[in-house]
Amino acid sequence: MRVALLTEGARPHPDRGAGAWCDRLAEGLPEHDFELYLLTGAAGLGSAARLSPAWQGAHDLALWGRRPRGRAPGTLRRRRYAWAYEELVRALVLPGERAGFGAGLYRLAALAREDEGTLAAFLGSAHARRVLERTWRLPGADTSAGQPLVRDVLVAADLLEQCLRPLSAPWYGTGPGGLGGADLCHVVGGGPAALPALVARHLHGVPFVVTEHGLHLREQYLGFPPRAEGGAGAESEERQARDECRSDDRRHRVRAPGGERASHEAPYLPQPSAGGTPTPVRALLLSFFRALTEETYRQAAILTPGSAHDQQWQRRCGADPARTRVVYEGTPAVDRPAAGPEPERPTLVWAGALEPGRDTELVLHAFARVRAELPAARLVVHGQETAPGYLAHCAAVAERLGVAVAVDFAGRPGSLAEAWQGGTVVVFSALSQRSPRLLADAMLSGRAVVSTDVGVAREVVGPTGLLVPARDPRALAGACLALLRDEERRSRLGLAGRLRAQERFAVEPVIGAFREIYLELVSQYPAFPEGGGVGEGNRAPRPFARPAEYWLADGTRGRDDRDSRDGRDDREASAGPADRADPADPEPGGGGAGAPESGRGQLAVVPAAAEERPEPAGPAGPSVLAEAV
C-alpha cells in the first residue's frame, strides 16, 4: 500500500545521523511504498538525490519564515474567506463555540484548494487582521490573559498564518504525489503536521494514524515546541538521547511553529512582571493547538502514543481509549554492548539538563547523606546548563553541604554510553519524566537504576530498579546506599533492566506493531472511499479485488507482472460473453469457421440474448443455456 508519512522538523538526510525513527519504519516495511511529506523551514527539503532510498518520494512545505507569495482574493471570494476565518477564530476565543473549529478549518481548506495561493495572501492581509481583532474583542471572549492590544493582533495574525499554511499545500489531489491517492496517512509528532491528514480525510476519506513521542500540546503548554521526535533522519538516537541532558533552554520561550523565532517574539512571551502569566497571543495560540489536538484525536483512526503516561494525557484531550495503542519508541541502542567493569570507587552518575525541573539539588542533598555513610563515594553530574545561573547555584549547594570535593560537574558527555560506564549506580531525580528515552538508554547499559517515581519512570523501570518519591533526599540516599553496598543486587537489577529495555524498546516489535495497524486500517476502509472512478477500459474499479497477500508477497518484486496479469484477468471477467467469443466465429455460440468443437468438459459460449431470456427445454432438446450448465 502507499503510506504518506507527515512530520515536522529537520530534513531526512542520511548525513544528519543514521537510524532515525521514520527511516527505520520505512526500511522495516519494504512491502509498502512510503512517501514523505515534511514541514520544513525556509531552506526547504534540499536535494532529493540525498534522500534515503527508503523513501519513494519526498515533498516539503516551508511552515515558517517569509509568507509565500500569492494573489489576494476578489471582493466576493474575500467574504467567504472572512466568514470561514471568523468561524475559526470564534472557536478559539469564545468558550461556547469550540465545536466550530473543525468547520472553519475545513472551509478554509476548501477555499485554499479552489484558489491556489490565495489563502496565505488573505491571512496576511489587513482584512484578516480586522476580522481577528473584531472577533477577539467580542463580548464573552476569553480575555483571562488580558485584552489584546494592536501589537497582539499583528503577532497573532502572523503566527496563525504560519500555523494554517499547510491548508494551502499542493498535496490534496488524487494523482501522483497527492494525499488523495494514498491508502493511509501516518502523522508523526502531531501539531501542524496533522493538518494535511485532516484535510485528506475530509476530502477523500483517507484514514490516518498519529504517533507522538512526546505530546505536542503538552510541550506547547510547557513553553517550547517539541523537537521532531520522529523527524525522518533528523538525528541519531544517541544525539536525541543526549538532548535529554540538555533539555531546553527554551523552557519559558514559545516560538513559531517548527522552532524558529517569530518575527515579533516579545509579545508572545509571558510577562516576567506577571509571574509567568501568559500573554493574549500565547493564550490564543494555546487555544489553537488545543482545538487542533482535539480535532486530530477525534478524527484519527488509531493513536499510538510512546508511553502509557502519554496515553493518559491523550485521554484527557478527548482521545478514545478503544483507538489508542501504546507503541514504545524503538531504538537501535539495544544492540549496544553493556557497560564494562564498574569503577573502583563507588560512584553515582547523574545525567540531565541543569535546570530546576531536573532537581539536581535533590541528588546533592542525597549524596551528602551517602557520603556520610561511604566517605569514598563520588558523584558525577553530566549535563549542560539550561537555566542561567543554575550551575553556580548547584556548586554553591555542594559547597554548603561539604561534598564539593567529591562532586564532579563533568558537563555534557561525549556519549551516553561513556556516561553510564563511569558510574556504579545511575540516578534520576527529575520532578517530571516525560520521555522514556534517557531511562531506557541507562537501563541498556546494564547499570542499576534509581529514579524518582514520576512520569514514565514506573512503566519503564518497573521491578528492575528502585523508585523513590520525588523531593525526598532521605529515600533517595537510602536506595543508593542499598545498591552501593550490595554488588550482587546491583548486578541482578542491572541485567534485568537491560533485558527489560531490550524487550520493550527493540526496533522489531515497533515495526511489527505498525505492520498490523496498517493492515487493520486498510481492511476497515474501502479501497475507493469516494465510490471510485472509471478504470482501464471504462470499467469501474472493484474494491478489495485483491487479497492482502497480493500486497505482501515478494514485496514490490514482480508487482508489475502481477498487475498486468490481474488487469488482463479483470478485463476478461468484466467483458461480456459476446466480447469473449472468437472473432472468427460469425455468430457467437454457432458453428462458424473459427468455432471450437463441442465436447465433454467444453463450456459452450452463451449468446447475450440467451442470457437475458433463457428458453425452456423443448422437444428438440435442452436449451443452449442448459447445455452450457
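Relevant structure appears above.
Residues numbered from 1 in each chain as written. Predicted model: local features only at pLDDT ≥ 70, side-chain atom pairs only at ≥ 80, totals over all residues. Heavy atoms only, no water.

Helix and strand content of the chain: 24 helices and twelve strands. Looking at the chain as a whole, 51% of its 629 residues are labelled buried. Roughly 28000 Å² of accessible area belongs to the chain as shown, and the carbon and sulfur atoms make up 51% of that amount. (Helix = DSSP H or I, 4+ residues; strand = E, 2+ residues; numbered from the N terminus. Buried < 20%, exposed > 50% of the residue type's maximum accessible area, 1.4 Å probe, protein only. Areas by Shrake-Rupley, 256 points an atom, 1.4 Å probe, with all protein chains shown as cover.)

Here we come to helix α15 (residues 437-444). By the criterion of burial, α15 is predominantly enclosed, with eight of the eight residues buried. When α15 is considered as a whole, its buried residues turn out to be Arg437, Leu438, Leu439, Ala440, Asp441, Ala442, Met443 and Leu444. Of the residues one or two after α15, Gly446 is the one with positive phi, at around 85 degrees.

Turning our eyes to something else, we now look at the environment of Gly205. Relative to the helices and strands, Gly205 resides in the loop between α7 (194-204) and β5 (208-212). The class of Gly205 is partly exposed, set by a relative accessible area of 27%. Note: C-alpha distance between Gly205 and Leu184 (21 residues apart in sequence) is 9.3 Å.

The N-to-C vectors of helix α5 (residues 126-136) and helix α6 (residues 150-163) enclose an angle of 115 degrees; their axes lie 10 Å apart at closest approach. In terms of crossing hand, the pair formed by α5 and α6 is right-handed. Where α5 approaches α6, its residues Arg129, Leu132, Glu133 and Trp136 are matched on the opposing element by Asp152, Val153, Leu154, Ala156, Ala157 and Leu160. Here the contact of α5 with α6 is composed, by residue class, of seven nonpolar, no polar and three charged. (Axes fitted to C-alpha atoms, helices over the stretch in contact; angles between N-to-C directions. Left-handed = near helix turned anticlockwise from the far one by under 90°. Contact = heavy atoms within 4.5 Å. Nonpolar A, V, L, I, M, F, W, Y, C, P; charged D, E, K, R; others polar.)

Turning our attention to the sheet that holds strand β3 (residues 57-62). Pairing in this open sheet of six strands is parallel, and the strands run β3-β2-β1-β4-β5-β6 from one edge to the other. Both edges of this open sheet fall to β3 and β6 (302-305), since each of them pairs with a single strand only. Averaged over all pairs of adjacent strands, the angle between their axes in this sheet comes to 20 degrees, without regard to strand direction. Summarising the sheet, strand β1 (residues 2-8) and strand β2 (residues 33-40) pair through seven bridges and their orientation is parallel. The residue bridging Ala4 from the neighbouring strand is Glu35, located in β2. The strands that helix α11 (residues 308-316) touches are β5 and β6; relative to β6, the one it contacts most, it runs at about 135 degrees. Lying over the sheet, helix α19 (residues 507-524) contacts β1, β2, β4 (184-188), β5 and β6, oriented at roughly 140 degrees with respect to β4. (Pairing = 2+ DSSP bridges.)

The next thing to look at is the packing of aromatic side chains. A ring pair, where both rings are aromatic, is described by two values, the distance of the centres and the angle of the planes. All chains considered together, the criterion is met by eleven aromatic pairs. Judged by centre distance (5.8 Å) and plane angle (70 degrees), the rings of Phe101 and Phe288 are edge-to-face. Placement of Phe101 in helix α3 (residues 101-114) and of Phe288 in helix α10 (residues 280-299) is noted, with a sequence separation of 187 residues between them. We note that Phe101, like Phe288, is buried. (Phe/Tyr/Trp six-rings, centres within 6.5 Å; stacked < 30°, edge-to-face > 60°.)

By the secondary structure assignment, Val450 is in strand β11 (residues 448-452). Given the relative accessible area of 0%, Val450 is considered buried. Every residue in contact with Val450, bar those within four places of it in the chain, is listed here: Val425, Val426, Val427, Phe428, Leu466, Leu476, Ala479 and Leu483.

Right, let's get into the sheet that holds strand β9 (residues 407-411). Pairing is parallel in the open sheet, where six strands are placed in the order β9-β8-β7-β10-β11-β12. Across the chains shown, the open sheet's two edge strands, defined by having one partner strand only, are β9 and β12 (466-468). Adjacent strand axes in the sheet meet at a mean angle of 20 degrees when their direction is disregarded. Sheet topology places strand β8 (residues 378-382) next to β9; four bridges connect them, and they run parallel. Paired with Val381 across the two strands is Phe409, which belongs to β9. Helix-sheet contacts for helix α12 (residues 360-373) involve β7 (347-351), β8, β9, β10 (425-428) and β11, and the interaxial angle to β8 is about 170 degrees.

So, about α3. Between its terminal C-alpha atoms α3 stretches 20 Å, which fits the 20 Å expected from 14 residues at 1.5 Å a residue. Those residues of α3 that sit buried are Phe101, Gly102, Gly104, Leu105, Tyr106, Leu108, Ala109, Leu111 and Ala112. Lining the buried residues of α3 we find α2 (75-93), α4 (119-123), α7 and α10. (Expected span 1.5 Å × (residues − 1).)

This paragraph deals with the environment of Trp350. Its location among the elements puts Trp350 in strand β7. On the accessibility criterion, Trp350 (1% relative accessible area) is buried.

Contact geometry for α2 and α3: axes closest at 8 Å, N-to-C directions at 150 degrees. Relative to α3, α2 is oriented roughly antiparallel. The element α2 and its partner α3 pack so that their crossing is left-handed. Along the contact surface, α2 presents Arg77, Arg80, Tyr81, Trp83, Ala84, Tyr85, Glu87, Leu88, Ala91 and Leu92, while α3 presents Phe101, Ala103, Gly104, Leu105, Arg107, Leu108, Leu111, Ala112 and Glu114. Its residues placed into classes, the contact of α2 with α3 shows 13 nonpolar, one polar and five charged. (Parallel < 35°, antiparallel > 145°, perpendicular 65-115°, else oblique.)

For β7, a buried count of five out of five residues is recorded, marking the element as mostly surrounded by other parts of the structure. Side chains Thr347, Val349 and Ala351 of β7 all project onto a buried face; the interleaved residues Leu348 and Trp350 project onto the opposite face, where all are buried too. Two elements, β7 and β8, share five bridges in a ladder whose sense is parallel. Within β8, the residue paired with Ala351 across the bridge is His382. What joins β7 to β8 is α12, and the crossover it makes is right-handed. As judged from the three bridges shared by β7 and β10, these two strands associate in the parallel manner. When the bridges of β10 are listed, Leu348 appears paired with Val425. (Right-handed = clockwise from strand over helix to strand, strands pointing away.)

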